[in-house]
Amino acid sequence: MESYGAYIDRELELFQIPHVMRSAKALSATGAGNFFSQAKQCVSDGFSFSSVKKLLLNTELPWKDGESIRQLISFGKANNCICSFSYDGKNIDVWNESLRRNSSEKRAEDFYVSLHEKLTRLTGAQTFSEIRERYFDFRETFFDMENCPEKSDRIISRCISELSALIDLEQEFPDCRAPDCFSFFTKYLDGKAYLAQTEERGVQILPYKMGACAPFACHIIADASQSALSVVYKELSFLRDDKRKRILNREDANVTEDFLRLYAMNSYSQPVYCTASAKTFTGYAQASSYLIENNRTKESAEELHAGDFYFAEKKWFAGGVDSKNSPFPEKISISQKKSEARWEECQDKGNESRNSGGTAVLVLSQKIQKIHFTESGKIRISETNLKRFYQCPRFWLQKTVSGLEQQNNEAELMDYFAMGNLYHKILELYCTELKKKNLPVHYEAEKNALNDNYRQILLQSIDNAIQIEKNSFLAKELLKTTKTALSAEIEKTVIKFSQIFEGCIVYEMEKECFYEIPGKNYVCTGRIDCLLYDDSAAEFILVDFKTSSVPQPLYYGNPHEPEENEEFELPDFQMPMYLYLLENQNPPVEAENCGFFSVKAGECTPVTGKTLFERVNAVSKKKNPPEPVLQEQFAPTMQKFKECMELYAQKITGYDFSVTNENQDFNTCNSCDFRAVCRRVFNISRQD
């Protein structure tokens, strides 16, 4: 029943066959009855995120303040409230510390403080009477019993009835005390079976041994494998096997065949049916030796699924709706009919909205205007939005307009991008400080190290970055404990940066650029990480810090072997956008060189400029260094970028978010985070 019960229930529901599950569960195995075990787990785990989440997201409990629960769980996930910890001889509650530092989370803080207090009192009760008293105190604060589901109410009431029985024993035998009353109570509930009474009628689903003596028109035994049907009674089972054999002087009673005979006898209208699978969830199995096998795996799918309207519908879909070989099913279920009617209703509403310019289109256009247009009514273009749009217009729409995000209900020790962002921030603060003090990028070549002055600037930048960067309380504490190792790693990165850009002056850091193109209905925006000036070459070098991999491709085609009238994969738009913005600033900046610097690997990938290529090749010392890409060789990429901006503006103005099979093929759509929303690709009968 544990392995197959849920699947049997699902299949009978799909085929709309009335049925009743006659299988008792331990009280603690039910959602409502598990409250006491979950409360104990919360306190014993120091209110870890996983234990708090399991308790508060238990939907079978009648929680009163659902909004505070959602706010607290969202806060815990966002602020890495994984668990409390001890450091430097102090016990630190990560929830309290994180909430205390966020004044905007007052409601969640009050809820958590009250939850912590009530649960600690409940699980710390010294007697069973105190457990009951403190439970009702907890219930009064957090549960809304007037809106409690009847099923949950019955289960909780049964748990309290069992607690009352323990209270009676406690009063009758006052000298016998449990060392931990609450743990005793939760274990006691583990052994108390519960089966809700019901007046529903239908197919009775019973555990194997329980149904043997019950007469029915037909018995069907699921999982008639050798191990599942084996029934052996062991007398004196508390003894070892050798002692049992000496005392009893006989084999254990094997009544497996007797049970099968009982089933055959009590199936009075039709013969008993037994099913067994050679492959199970945990391995392989064989049918009971008391049964005669009838191997149906060699039969065709049509024979096995005769009369199955779901299989008929699937076959109709797989064969194509106009196929004569797979006609529409003669019968369908009410569930299928309702689903089809609902789908048609949605299609009709969608067509009506598109044809009449309905509310949905109006709301969509308003959101696009608010997010992607300036106050003067011009389209705001950034390299990020260009990249998303040309990946897929629907992806752009869901990501930047609808604001949909994949849900992840698990808290992490540290955000996946936290270390990369911290490295980025340290480099930003370090270069900003060099600019303030009018110091060039420099390192001691003989020692391959920073001198004391530069090292002190770096250490101060590390301290400031840890405090400034938007990390949670737990992440900041973790970074503080690893500060020595972190400083050593980031110093290596800064030395590599200094080797490449030795002697350069920091001209701009985190510069916001904006350019309103004359005669166009769009403007360009972007933030440039770092702009250096090479005094020896009298040239600017544009550097973008990367916390992940360098985007590809960097060029439209091969810059060293240009081909006329050829179509290539679209290039990355970041460097073309930044160069375009710089040359249109007031005063204009002609950045002859540009490239990406990986803050983790400490490597620079040059994109254009002879000076930058020479600097990188001198440090990397590769046997076959890449040839420099000059501005004129980069011109086709710049031209394609401008064409893409123009087309992007036309598409956004016309609200054209159509996709094509050439640009958005199956692999592109199948790997998209929004494929379940877009519903453009399907897999039916293992066919894409």
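Counting restarts for each chain, with residues numbered from 1 along the sequence as it is written. With pLDDT at 70 or above as the cut-off, local features in this predicted model cover only qualifying residues; side-chain atom pairs require 80 or more to be listed or tallied, and sums for whole chains, interfaces and linings still use all residues. Only hydrogens and water are set aside when side-chain values are computed; all heavy atoms of the structure are taken into account.

Student: Explain the overall build of the chain here, please?
Tutor: Within the chain one finds 27 helices and 16 strands. Here the C-alpha atoms of the chain give a radius of gyration of 35 Å, more than 25% beyond the 26 Å that 2.2 N^0.38 yields for 688 residues. Counting all 688 residues of the chain, 39% fall into the buried class. Residue contacts follow a heavy-atom distance rule, with two residues in contact if any of their heavy atoms lie within 4.5 Å. In the chain, the share of contacts with a sequence separation of at least 24, taken over all contacts with a separation of at least 6, comes to 68%. A 1.4 Å probe and the Shrake-Rupley method give the accessible areas. Residues count as covered only by the protein chains that appear here. Of the roughly 40,700 Å² that the chain leaves accessible, carbon and sulfur atoms contribute 49%. Positive charge is attributed to Lys and Arg, negative charge to Asp and Glu, and no charge count is given to His or to the chain ends. By convention, charge coordinates are those of NZ in Lys, CZ in Arg, CG in Asp, or CD in Glu. Once the 84 positive and 100 negative side-chain charges of the chain are each reduced to a mean point, those two points are 4 Å apart. Only runs of H or I of at least four residues qualify as helices and only runs of E of at least two qualify as strands under DSSP, and these elements are numbered from the N terminus. Here the radius of gyration uses the C-alpha set of atoms, whereas the globule reference equals 2.2 Å times the residue count to the power 0.38. Each residue is placed in one exposure class: buried if its accessible area under a 1.4 Å probe, protein chains only, is under 20% of its type's maximum, exposed if it is over 50%, and partly exposed if it falls in between.

Student: Help me understand the pattern of salt bridges in this model?
Tutor: When charged atoms on two side chains of opposite charge get close, those side chains can pair. Salt bridge, as applied in this entry: a Lys or Arg side-chain nitrogen positioned within 4 Å of an Asp or Glu carboxyl oxygen. Within this structure, the stated rule accounts for 36 salt bridges. The salt bridge involving aspartate 65 is made with arginine 107; its shortest N-O contact spans 2.8 Å. Pair noted here: aspartate 65 is in the loop between helix H3 (49-56) and helix H4 (66-78) and arginine 107 is in helix H6 (residues 106-123), with a separation of 42 residues, a long-range link. Judged by relative accessible area, aspartate 65 falls into the partly exposed class, the value being 26%. With its nearest N and O atoms 3.8 Å apart, the salt bridge here joins lysine 546 to aspartate 544. The exposure class assigned to aspartate 544 is buried, which follows from its relative accessible area of 3%. Connected through salt bridges with shared partners, the residues Glu97, Arg100 and Arg101 form a single ionic network.

Student: What is the right way to look at the nonpolar core in this model?
Tutor: A general trend in soluble globular proteins is that nonpolar side chains are found buried together. To qualify as a nonpolar core, a set must consist of buried Ala, Val, Leu, Ile, Met, Phe, Trp, Tyr and Cys residues joined through side-chain atoms within 4.5 Å. If you look at the biggest cluster of nonpolar residues, it comprises 50 residues, and the most contacted ones within it are Phe35, Phe36, Leu56, Trp63, Trp95 and Ile131. The biggest single contributor to this core is helix H8 (residues 150-172), with 7 residues. Those residues in contact with leucine 56, other than ones at most four positions away along the chain, are Trp63, Ile69, Leu72, Ile73, Phe111 and Leu115.

Student: Could you clarify how one ought to interpret unusual backbone geometry in this entry?
Tutor: Residues apart from glycine generally show negative phi values, whereas peptide bonds are mostly found in trans. Cis geometry is adopted by the peptide bond preceding proline 553, which originates at glutamine 552 and carries an omega value of -10°. Note on placement: proline 553 falls in the loop between strand S14 (539-546) and helix H23 (574-583). In this chain, asparagine 586 is followed by proline 587 through a cis amide linkage whose omega measures 0°. Summarising the element assignment, proline 587 is placed in the loop between H23 and strand S15 (593-598). Its identity as a non-glycine residue notwithstanding, glutamate 510 has a phi of 50°, on the positive side. Non-glycine residue tyrosine 655 carries a positive phi angle of around 50°.

Student: Before we go on, may I ask you to explain the packing of helix H19 (residues 418-436) against helix H20 (residues 452-468) in this structure?
Tutor: Any two packed helices are characterised by how steeply their axes cross, that is the angle between the axes, and by the distance between the axes. Only the contacting stretch of a helix is used when fitting its axis, a line to C-alpha atoms as for every element, and angles between N-to-C directions run 0 to 180 degrees. Axis separation between H19 and H20 bottoms out at 8 Å; the angle between their running directions is 130°. When the axes of H19 and H20 are compared, the pair comes out oblique. By crossing handedness, the relation of H19 to H20 is classed as right-handed. Listed contacts from H20 to Leu422, Lys425, Ile426, Leu429, Tyr430, Glu433 and Leu434 of H19 are Tyr454, Ile457, Leu458, Ser461, Ile462, Asn464, Ala465, Ile466 and Ile468. In this classification, Asp, Glu, Lys and Arg are treated as charged, Ala, Val, Leu, Ile, Met, Phe, Trp, Tyr, Cys and Pro as nonpolar, and every other residue, Gly included, as polar. In the contact of H19 with H20, the residues fall into 12 nonpolar, 2 polar and 2 charged. To sort the angles, those under 35 degrees are grouped as roughly parallel, those over 145 as roughly antiparallel, those from 65 to 115 as roughly perpendicular, and the leftovers as oblique. Note: crossing handedness is left-handed where the near helix turns anticlockwise from the far helix by less than a right angle, and right-handed where it turns clockwise.

Student: How do you make sense of the environment of isoleucine 466 when you look at a structure like this?
Tutor: For isoleucine 466, the location among the structural elements is in helix H20. Considered as a pair, isoleucine 466 and lysine 483 are 17 residues apart in the sequence and their alpha carbons are 9.4 Å apart. The contact partners of isoleucine 466, leaving out residues within four places of it in the chain, are Leu422, Lys476, Leu479 and Leu486.

Student: Looking at this model, I keep getting lost on helix H24 (residues 610-620). Mind explaining?
Tutor: A turn of α-helix holds 3.6 residues, and therefore any two residues three or four places apart point the same way. By the burial criterion, the buried members of H24 are Thr611, Leu612, Phe613, Arg615, Val616 and Asn617. Lysine 621 sits one or two residues past H24 and shows a positive phi near 55°.

Student: Explanation requested: helix H21 (residues 473-481) in the structure shown.
Tutor: Listed as buried for H21 are Phe473, Leu474, Ala475, Lys476, Glu477 and Leu479. Lining the buried residues of H21 we find strand S3 (85-87), strand S4 (90-92), helix H5 (94-100), H19, H20 and helix H22 (483-500).

Student: Explanation requested: the environment of lysine 600 in the structure shown.
Tutor: Summarising the element assignment, lysine 600 is placed in the loop between S15 and strand S16 (603-608). Sequence separation between lysine 600 and phenylalanine 545 is 55 residues, and the spatial gap between their C-alpha atoms is 9.7 Å. Excluding residues within four positions of it along the chain, lysine 600 makes contact with Gly420, Tyr423, Thr493 and Thr547.

Student: Would you explain the pairing of S15 in this entry?
Tutor: Along a regular strand, successive side chains alternate from one face of the sheet to the other. Across the 6 residues that make up S15, a large majority, 6, are buried. Of the two faces of S15, the one carrying Asn593, Gly595 and Phe597 and the one carrying Cys594, Phe596 and Ser598 are both buried. For two strands to pair, DSSP has to find at least two bridges joining them. Two strands pair when backbone bridges link them, and S14 and S15 are joined in this way by 6 bridges, in the parallel orientation. Within S15, the position partnered with valine 543 by the bridge is glycine 595.

Student: Whenever I open this one, the packing of aromatic side chains confuses me. Can you help?
Tutor: Any two aromatic rings considered together are summarised by their centre-to-centre distance and by the angle between their planes. Ring geometry is summarised as follows: Phe, Tyr and Trp rings, the Trp one being its six-membered ring, pair when their centres sit within 6.5 Å, and such pairs are stacked at plane angles under 30 degrees, edge-to-face over 60 and tilted between the two. Under the criterion given, the structure shown has 43 aromatic pairs. Considering the side-chain rings of phenylalanine 47 and tyrosine 112, the 5.9 Å spacing of their centres and the 80° angle between planes classify their relative orientation as edge-to-face. Linking phenylalanine 47 in the loop between helix H2 (35-44) and H3 with tyrosine 112 in helix H6, this pair joins segments that are 65 residues apart in sequence. When sorted by exposure, phenylalanine 47 lands in the same class as tyrosine 112, which is buried. Residues phenylalanine 138 and phenylalanine 142 carry aromatic rings whose centres are separated by 4.7 Å and whose planes lie at 35° to one another, so their mutual orientation is tilted. With phenylalanine 138 and phenylalanine 142 both in helix H7 (residues 128-142) and 4 residues apart, this pair spans about one turn of that helix. Overall, the relative accessible area of 3% leaves phenylalanine 142 in the buried class. One aromatic cluster in this structure is built from Phe35, Phe36, Trp63, Phe111, Tyr135, Phe136, Phe138, Phe142, Phe143, Phe182 and Phe185.

Student: It is not clear to me how the side chain of threonine 611 should be interpreted in this structure. Could you clarify?
Tutor: With respect to the helices and strands, threonine 611 occurs in helix H24. For threonine 611, a relative accessible area of 12% puts it in the buried group. Any pair of nitrogen or oxygen atoms within 3.5 Å is treated as a polar contact; in protein, a donor-acceptor pairing is required on top of that, and neighbouring residues in sequence qualify only through side-chain atoms on both sides. A polar atom in the side chain of threonine 611 sits 2.6 Å from the side chain of glutamate 539.

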